[in-house]
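Structure at a glance
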Amino acid sequence: MAGDTHALWQEYRQSRDPALRDRLILTYAPLVKFVAGRLGASLPSHVDEQDLVSYGLLGLISAIERFDPDREIKFETYAISRVKGAIIDELRSLDWVPRSVRTRAREIERAIAELERQLMRAPTDEEIAAKVGISGDELEASLSEISRSSIAALDELWSPSAGGDQIALIDTIEDTNGPDPESSLEQTEMKEALGEAIARLPEREKLVVTLYYYEELTLREIGEVLGVTESRVSQLHTKAVLRLKARLSGASVREPAET
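Just so you know, these numbers come straight off a predicted model, no measurement behind them.

One finds W9, L24, L52, L60, I64, F75 and I87 to be the most contacted residues of the largest nonpolar core, which totals 28 residues. In terms of residue count, helix α2 (residues 18–40) provides more of this core than any other element does, nine residues in total. When residues no more than four places from it in sequence are discounted, the contact partners of I64 are W9, Y12, R16, R21, L24, I25 and F75. Counting 18 residues, the second largest nonpolar core, distinct from the first, contains L211, A240, V241 and L244.

Throughout the structure, instances matching the rule amount to six aromatic pairs. When the ring of W9 is compared with that of Y28, the centres are 6.2 Å apart and the planes differ by 40°; the resulting orientation is tilted. Here W9, found in helix α1 (residues 2–15), pairs with Y28, found in helix α2; they are 19 residues apart in sequence, far enough to count as distant. Each member of the pair W9 and Y28 is classed as buried. Grouped by ring-pair contacts, the aromatic residues W9, Y28, F67, F75 and Y78 constitute a single cluster. Of note, R38 hangs over the ring of Y212, and the distance from its end group to the ring centre comes to 4.5 Å.

Of the positions making up helix α10 (residues 219–226), those classed as buried are L219, I222, G223 and L226. Around the axis of α10, the buried residues are gathered within 105° of arc, so they sit on the same side. With respect to the buried face of α10, the exposed residues turned more than 90 degrees away are E224 and V225. Against α9 (203–214) and α11 (230–248) lie the buried residues of α10. Looking one or two residues beyond α10, the residue adopting positive phi is G227, at roughly 75°.

Calculation rules
- Residues numbered from 1 in each chain as written.
- Predicted model: local features only at pLDDT ≥ 70, side-chain atom pairs only at ≥ 80, totals over all residues.
- Heavy atoms only, no water.
- Core = buried A, V, L, I, M, F, W, Y, C linked by side-chain atoms within 4.5 Å.
- Buried < 20%, exposed > 50% of the residue type's maximum accessible area, 1.4 Å probe, protein only.
- Helix = DSSP H or I, 4+ residues; strand = E, 2+ residues; numbered from the N terminus.
- Contact = heavy atoms within 4.5 Å.
- Phe/Tyr/Trp six-rings, centres within 6.5 Å; stacked < 30°, edge-to-face > 60°.
- Lys NZ or Arg CZ within 6 Å of the ring centre and 35° of its normal.
- Arc of directions from axis to C-beta.

The structure is reproduced here in structure tokens:
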């Protein structure tokens, strides 16, 4: 099967025959469904997974047209980030996330960054709530609202350096070393920064991120592991992502080395 696929790639590369491209699309269509299902799990119920698949197919087609099979990278690895990017771009263009939710997410992220700079540690929920000017219950409600949007996922796009190409944070966890040495170096640096930031998360948040992104457990399964509700896991995940985004934005400083 692998040999057949390689031959198909070589034939398509030489001829650019639309019929061969369609065969490649059919071959890799399950990849789009996988990515759409993964993203859809963290989106509101009214977002139709079939719509996500349609958006992702555009990314798959683009990936097929641009992929060079002679490069030392698997097509699946190359395609996943482009499928995700196509889906996220379309969701953003629809602007379905209420402005108030985006604003509150930025407020919390900014508060976390400022508190970490002042306290040189991860702030508590109470400290975050006080900094934002809301109660603890309001913070929990805000986290629940934010968790139902794509802005609370590591699939959110991120520019690792000024003027650099945007990549998804989750792609720095996966093996996405591409053919461009400069891009590979940039992603390697981003992966190291993300790893350091994850290591400094509060223990329960770090566990949620590890189980969700590395072990690929669902939020419900993580809840069973931790003995808490799925909604509580969702809140922990949201806080973790906001902390990571605050740290990786450069607004936060490194903690002093332990002596």
